[in-house]
Amino acid sequence: MQLGMVGLGRMGSNMVRRLLRGDHQCVVTDLNPKNVDELAKEGAARSSSLDDFAAKLTKPRAAWIMVPAGDPTEQTVTALAQRFEAGDTIIDGGNSYYKDDVRRSQKLKDRGIHYLDVGTSGGVWGLERGYCMMIGGPKEAFDRLDPIFTTLAPGIGNIPRTPGREKLGGTSEQGYIYCGPSGAGHFVKMVHNGIEYGLMQAYAEGFDIFRNANSDQLEENYRYDLNVADIAEVWRRGSVVSSWLLDLTAMALAENPTLSEYTGFVQDSGEGRWTVNAALEEAVPAEVLTAALYTRFRSRQEHTFAEKLLSAMRQKFGGHIELKPK
């Protein structure tokens, strides 16, 4: 199939590369011409403006937006909508707020333009591992673009099948699902990221306990000088707490057990706040996720080894650069 990609950052550019490897055609555009030039050398069709971008797409057109959530996404959706026609599809693959998706989709529906919200997880590793996708919007648009999602998704790979899963069908084993109407994809991704906060916080606090196990505040008989890198590594192999986040933790600790290159200033990207807000609206208790979010707020005032580990995990899975306090 043909797909247009707006935004060639860490994820957008690698998504294009994965699609090119799958023999799809990609038209690309970005505010930085160098990013466009780089992918053009790899087989993508360059475009110099949104007008040129829209003209090079074959009707019914499909354009995937991979720019920062908020105003950049809002402006890009609006600009594309002005150039698209009935039957075309706009895909928001960033981390937008699901209520914004509902509003945008309703506006575009009046003009016959499909809008898909695609919660995308995979970070800087997605080119090789594939991207987990949670998709909301018109079912007919999802069905038409299924070959795109199939190529971007990880596939079954070497992950053991869930017993009984073969009887259920669907695409979830492939690494992508249709979640429901507009906003549903980003709603699922929002909660996914809220859970991510909690998992990361649990690892971070545990390793902080290990780090301080030789504190002079403890009786000498109960002090342990533990190798945190080795603990992370052994847990990767057969432990019930093994996970990709633990893999990344082990990687960071093997590189530098003290994490001295991190200050522990931990940013939150918005989804954690939105998840807590959703829990409040639904009257669902979410103590762990809320505490994990508040810890990130506190990290900007004082820093512990736990917060350095949070920064390390964010850098490893998403390439997030630690912001320095002002």
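What counts and what doesn't
- Residues numbered from 1 in each chain as written.
- Predicted model: local features only at pLDDT ≥ 70, side-chain atom pairs only at ≥ 80, totals over all residues.
- Heavy atoms only, no water.
- Helix = DSSP H or I, 4+ residues; strand = E, 2+ residues; numbered from the N terminus.
- Contact = heavy atoms within 4.5 Å.
- Areas by Shrake-Rupley, 256 points an atom, 1.4 Å probe, with all protein chains shown as cover.
- Lys, Arg positive; Asp, Glu negative; His and termini not counted.
- Charge placed at Lys NZ, Arg CZ, Asp CG, Glu CD.
- Expected span 1.5 Å × (residues − 1).
- Buried < 20%, exposed > 50% of the residue type's maximum accessible area, 1.4 Å probe, protein only.
- Pairing = 2+ DSSP bridges.
- Axes fitted to C-alpha atoms, helices over the stretch in contact; angles between N-to-C directions.

1. Observations regarding the overall build of the chain
Next up, step 1: The helix and strand inventory of the chain stands at 14 helices and eight strands.
Next up, step 2: Its C-alpha atoms give the chain principal-axis dimensions of about 75 × 45 × 45 Å.
Next up, step 3: Put simply, of all contacts in the chain between residues at least 6 apart along the chain, 68% involve residues at least 24 apart.
Next up, step 4: When the accessible area of the chain is evaluated, it comes to approximately 16300 Å², of which 54% is carbon and sulfur surface.
Next up, step 5: Here the chain carries 37 positive and 42 negative side-chain charges, and the mean point of each set is 5 Å from the other.

2. Re helix H13 (residues 287-298)
Next up, step 1: With 12 residues, H13 should reach 16 Å at 1.5 Å per residue; the first-to-last C-alpha distance of 16 Å fits that figure.
Next up, step 2: Within the span of H13, buried status applies to Leu289, Thr290, Ala292, Leu293, Thr295 and Arg296.
Next up, step 3: Looking at the buried side of H13, the elements it contacts are helix H9 (184-211), helix H12 (271-282) and helix H14 (305-318).

3. As for the sheet that holds strand E6 (residues 114-121)
Next up, step 1: The mixed open sheet is built from eight strands, whose spatial order is E3-E2-E1-E4-E5-E6-E7-E8. Every other strand in the sheet has two partners, leaving strand E3 (45-46) and strand E8 (176-180) as the edge strands with one partner each.
Next up, step 2: With two bridges connecting them, strand E2 (residues 25-29) and E3 associate as parallel partners. Looking across to E3, one finds that valine 28 is bridged to arginine 46.
Next up, step 3: Sitting on the sheet, H9 touches strand E5 (89-92), E6, strand E7 (132-136) and E8, and the angle it makes with E6 is about 15°.

Scope: geometric values only; no functional claims are made or implied.
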